[in-house]
Amino acid sequence: MMAKTQYPVVLVHGMMAKDFRLWRAFRGISDFLRKEDVTVYVTNQDGVGGIVSNARQLREEIREILKKENCEKVNIIAHSKGGLDARYMITHLGMGDHVASLTTLSTPHHGSGLSGKLLALPRFMARFAAFFIDLTFRILGDRHPDILQLGQDLTKASMERFNQDTPNAPGVYYQSFSADVSDKRSFLLFLPYHISRYCEQGGTDGMVSVSSSQWGQYRGNICEDVDHFKMVGFYGRKKNLSGIAGFYLQIIEELQDMGL
């Protein structure tokens, strides 16, 4: 069975991701899906932009996709903070009629304990670090980098308000997945994993907790021992990445069976 959904699939990256040659979100995954006859696009909104700013950029990209494909809707699969960009866009920017489904992967729907801890650092330290992060991402193509705004957006208090103000749009199918990696498999995230575990006091993929990842129809963990970066192909051997890509294909086949 060909895994071609009724509507195009849009892969939305998360925080600090861009279309870098050596740091590509969905590396190998998008190519795998295209070989399976899936019409797929990868977005390139700001890597360190706030939710509202990124949601506006995402709307521009999806409007272009709708025009190019001559279709009415898209299916979105969003990683990490990209799921929040998509939720804001759908509910607040008039895109509810143009999104058939939103699947989120390790998206901090209920906030990040780590974000709150970082913002509690002395203000001069936060501003110093933010200046260089914003400058770096502006050089790399961000239009409105603002890591401090992004950090504020992701606190638990901010996300509680966000969820109250951003209800699911009627007619859009929402589902979510989490990930829980062991410390022995956290590789790139060894130190962040232990910090995240301490901040969240529960299962985590090294960046986002299992409890915070749950929104809409919660489907459980993606698969065993896949961390926050590996689930979008930032690193890993080809064999392992093909297994992760197969997970995406399964999601798409399920959407196809639903007529989306």
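Residues numbered from 1 in each chain as written. Predicted model: local features only at pLDDT ≥ 70, side-chain atom pairs only at ≥ 80, totals over all residues. Heavy atoms only, no water.

A. Main features of the nonpolar core. Counting residues in hydrophobic clusters, the biggest one holds 33 residues, and the most contacted among them are Ile62, Val74, Ile76, Met89 and Ile90. Secondary-structure elements contributing two or more residues to this core are strand 1 (9–12), helix 2 (51–69), strand 3 (74–79), helix 3 (82–92), strand 4 (99–105), helix 5 (123–139), helix 6 (147–153) and helix 7 (156–165). It is helix 2 that provides the largest number of residues to this core, a total of six residues. Among residues more than four places away in sequence, those in contact with Ile90 are Met95, Gly96, Val99, Leu102, Ala169, Val172 and Tyr174. (Core = buried A, V, L, I, M, F, W, Y, C linked by side-chain atoms within 4.5 Å. Buried < 20%, exposed > 50% of the residue type's maximum accessible area, 1.4 Å probe, protein only. Helix = DSSP H or I, 4+ residues; strand = E, 2+ residues; numbered from the N terminus. Contact = heavy atoms within 4.5 Å.)

B. Structural context of the pairing of strand 3. Of all six residues in strand 3, six are buried; the element is thus mostly enclosed. Covered by surrounding structure in strand 3 are Val74, Ile76 and Ala78 together with Asn75, Ile77 and His79, the residues of both alternating faces. Sheet analysis places strand 1 next to strand 3, joined by four bridges and oriented parallel. Each bridged residue has a counterpart across the sheet, and for Leu11 the counterpart in strand 3 is Ile77. Bridge count between strand 3 and strand 4: six bridges; the pairing is parallel. Paired with Ala78 across the strands is Thr104, a residue of strand 4. Read from strand 3 through helix 3 to strand 4, the crossover connection turns out right-handed. (Pairing = 2+ DSSP bridges. Right-handed = clockwise from strand over helix to strand, strands pointing away.)

C. Focus on the pattern of salt bridges. In the structure shown here, the tally under the stated rule is four salt bridges. Between Arg34 and Asp31 there is a salt bridge, and its shortest N-O distance comes to 3.5 Å. One end of the pair is Arg34 and the other is Asp31, both in helix 1 (residues 29–35) and three residues apart, which spans about a single turn. For Asp31, a relative accessible area of 38% puts it in the partly exposed group. A salt bridge links Glu60 to Arg143, with the shortest nitrogen-to-oxygen separation between them at 3.3 Å. Linking Glu60 in helix 2 with Arg143 in the loop between helix 5 and helix 6, this pair joins segments that are 83 residues apart in sequence. According to the relative accessible area criterion, Glu60 is partly exposed, its value standing at 43%. Judged by relative accessible area, Arg143 falls into the partly exposed class, the value being 42%. (Salt bridge = Lys/Arg side-chain N within 4 Å of Asp/Glu carboxyl O.)

D. Fine view of the environment of Met95. With respect to the element layout, Met95 can be found in the loop between helix 3 and strand 4. In sequence terms Met95 and Ala169 are 74 residues apart; their C-alpha atoms lie 9.2 Å from each other. Dropping the residues within four chain positions of it, Met95 is found in contact with Arg59, Ile62, Arg63, Leu66, Met89 and Ile90.

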